[in-house]
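Single-letter residue listing:
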There are 2 protein chains.
Amino acid sequence: MAELAGTSPETDEGFMREALAQARLAFDAGEVPVGAVIVRDGQIVSRGRNRRETGKNALYHAELEAIDAACKTLGGWRLPGCTLYVTLEPCPMCAGAVINSRVERVVYGATDFRFGSVKSVQQIFSLPYNHQPAVTDGVLAEECTALLREFFRRLRLKRGAQ
Amino acid sequence: MAELAGTSPETDEGFMREALAQARLAFDAGEVPVGAVIVRDGQIVSRGRNRRETGKNALYHAELEAIDAACKTLGGWRLPGCTLYVTLEPCPMCAGAVINSRVERVVYGATDFRFGSVKSVQQIFSLPYNHQPAVTDGVLAEECTALLREFFRRLRLKRGAQ
């Protein structure tokens, strides 16, 4: 596949750091730390973070928040030329939203062996839907994974202390 | 599998008619006619319909609208004991939202050979995610399919006249 405009390891790491900043906000709110940003033409058009517990809503994943906000910012349901950066491998709902919104490229950090639907539980973007985004995985994977591990370590300590 | 509480062909058809009423509202708004309701203990707790074009948002599918409203009505991200009735086989995003919200049972009408992710493009509820809802398909399938066909027939006529 030809290299997509604006992609480079440095650029990808820079935007993943923005997604990590969103994940840290989730962490501070007591949420599983997952963050996302959507980028077009080198500019961030939207941000999202996991808010499932505080928002009491199964749909409040980082990617859905970012896609929702990008549709509102860009004024349409299609997001051509957009790249989604997310700290964790997307679940089937969020991967499906990528297909539905025609996000051009997905860049993620940590692997999710339980719910990840890009490479782990299934390879959803290889199925014959009408849109197959490009994928880059493992960007800042250690930092993304370390933040998740720290969250769950603290959660276990907290639960153990109760 | 033991029969789930409150399920019967008559009950399923009754609630699918409520989903069809939502689909007709979508039809009248110029949207691909898909409608949904979520039911718990024999009561409708939420409704949704496709609003992707008028709402200019890739997430505005009938099922996501109904799941979003049900989380708000019931006050949490888990929807145990809930059945989703939807006129069309769910896409991967909406099927993923069913998994994430722990909807107990999915009842759908028409088959979607292009995007349907319960039986058509893939069988997502058979994969090793942490939740596998029960599924009943083909309820009022002819009516659900006829409404979709009529929508696309009119769309072709309209486009042909332009």
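Structural notes, computed from the coordinates. Per chain, the residues get numbers from 1 upward, laid out in the order the sequence is written. Note on labels: chains are lettered from A, ligands numbered from 1, in written order. Totals for whole chains, interfaces and linings use every residue, but because this is a predicted model, local features are given only for residues with pLDDT of at least 70 and side-chain atom pairs only at 80 or more, for both listing and counting. The side-chain values count all of the structure's non-hydrogen atoms but skip hydrogen atoms and water molecules.

### Description of the overall build of chain A
Rule in force here: A helix here means a DSSP run of H or I that spans at least four residues, while a strand means a run of E at least two residues long, and both kinds are numbered starting from the N terminus. For the exposure calls, accessible area comes from a 1.4 Å probe over protein chains only, and a residue counts as buried if that area is under 20% of its type's maximum, exposed if over 50%, partly exposed in between. Neither His nor the chain termini are counted; the positive set is Lys and Arg, and the negative set is Asp and Glu. Every charge is mapped onto a representative atom, which is NZ of Lys, CZ of Arg, CG of Asp or CD of Glu.
When helices and strands are counted, chain A shows 5 helices and 5 strands. Written out in order from the N terminus, the α and β elements of chain A read α-β-β-α-α-β-α-β-β-α. Taken over the C-alpha atoms alone, chain A extends approximately 50 × 30 × 30 Å along its principal axes. With 162 residues in all, chain A has 53% of them scored as buried. Taken together, the 20 basic and 19 acidic charged side chains of chain A have centroids lying 7 Å from each other.

### Describing the pattern of salt bridges
Residue and element names in this part refer to chain A. Keep this limit in mind: By convention in these notes, a salt bridge is any Lys or Arg side-chain nitrogen within 4 Å of a carboxyl oxygen on Asp or Glu.
Summed over the entire model, instances satisfying the criterion amount to 18 salt bridges over all chains. In this structure, Arg-51 engages Glu-65 in a salt bridge whose closest nitrogen and oxygen atoms are separated by 2.7 Å. One end of the pair, Arg-51, is in the loop between strand S2 (43-49) and helix H2 (52-55); the other, Glu-65, is in helix H3 (residues 62-74), and 14 residues separate them in sequence. Residue classification places Arg-51 among the partly exposed residues on the basis of a relative accessible area of 29%.

### Things to note about the packing of helix H4 (residues 92-101) of chain A against helix H4 (residues 92-101) of chain B
Short version of the rule: Every angle, taken between N-to-C directions, lies between 0 and 180 degrees, and every axis is a line fitted to C-alpha atoms, over only the stretch in contact when it is a helix. Angles are sorted into four bins: roughly parallel if under 35 degrees, roughly antiparallel if over 145, roughly perpendicular if 65 to 115, and oblique for all others. For any helix crossing, the convention is left-handed if the near helix is rotated counterclockwise from the far helix by under a right angle, and right-handed if that rotation is clockwise. A contact between two residues is defined here by any heavy atoms of the two lying within 4.5 Å. Note that Gly is not counted as nonpolar here; it falls among the polar residues with everything else outside the nonpolar set of Ala, Val, Leu, Ile, Met, Phe, Trp, Tyr, Cys and Pro and the charged set of Asp, Glu, Lys and Arg.
Running from N to C, H4(A) and H4(B) point in directions that differ by 160°, and their axes come no closer than 7 Å. Taken together, the axes of H4(A) and H4(B) lie roughly antiparallel to each other. Of the two elements, H4(A) crosses H4(B), and the hand of that crossing is left-handed. Residue-level contacts link Pro92(A), Met93(A), Gly96(A), Ala97(A), Ile99(A) and Asn100(A) of H4(A) to Pro92(B), Met93(B), Gly96(B), Ala97(B), Ile99(B) and Asn100(B) of H4(B). Taken together, the residues that form the contact of H4(A) with H4(B) break down as 8 nonpolar, 4 polar and no charged.

### What to know about the environment of Pro33(B)
Residues and elements named next belong to chain B. Relative to the helices and strands, Pro-33 resides in the loop between helix H1 (9-28) and strand S1 (35-40). Measuring from C-alpha to C-alpha, the distance between Pro-33 and Ile-44 comes to 20 Å, with 11 residues separating the pair along the chain. Once residues within four sequence positions are removed from consideration, Pro-33 is found in contact with Ala-23, Ala-26, Phe-27, Thr-87, Leu-147, Leu-148 and Phe-151.

### Focus: the relation of the copies chain A and chain B
Defined as follows: To line up the copies, we fit them by least squares on C-alpha atoms, keeping just the residues with pLDDT of at least 70 in both.
At an RMSD of 0.0 Å, chain A and chain B line up after a rotation of 180° and a shift of 0.0 Å along the axis. On this basis, the relationship between the two copies can be described by a two-fold rotation axis. In terms of C-alpha distance to the rotation axis, chain A has Met93(A) as its closest residue, with the C-alpha 2.0 Å off the axis. Comparing contact sets, 100% of the residues at the interface of chain A also lie at the interface in chain B, consistent with an isologous, same-surface contact.

### Things to note about the side chain of Glu63(A)
All names here are of chain A. Summarising the element assignment, Glu-63 is placed in helix H3. No salt bridge forms around the buried Glu-63; measuring N to O, its nearest opposite-charge neighbour Arg-52 is 11 Å away. In this structure Glu-63 touches Ala-36, Leu-84, Val-86, Leu-88, Pro-90, Cys-91 and Cys-94, once residues within four positions along its chain are discounted.

### With respect to the interface of chain A and chain B
For clarity, the threshold we go by: Buried area adds together the accessible area that both of two parts lose upon being put together, with accessible area traced by a 1.4 Å probe. The term polar contact refers here to a pair of N or O atoms within 3.5 Å; inside protein, the definition further demands a hydrogen-donor-capable atom paired with an acceptor-capable atom, and it admits residues adjacent in sequence only when both atoms are side-chain atoms.
Listed by partner, the interface residues are 34 residues for chain A and 34 residues for chain B. With both chains or domains summed, chain A and chain B bury close to 2800 Å², and 63% of this area falls on carbon and sulfur atoms. Interface area lost by chain A to chain B is led by Trp77(A), Asn100(A) and Tyr129(A), which between them contribute 22%. Where chain A touches chain B, the interface holds 0 salt bridges. The tally of links from chain A across to chain B stands at 9 residue pairs in polar contact (both at pLDDT 80 or more). Counting residues per element, the ones that place at least two in the side of chain A that touches chain B are H2, H3 and H4 of chain A. For the side of chain A that touches chain B, the element with the most residues is H4(A), which contributes 7 residues. Grouping the amino acids of the side of chain A that touches chain B by side-chain chemistry returns 18 nonpolar, 10 polar and 6 charged.

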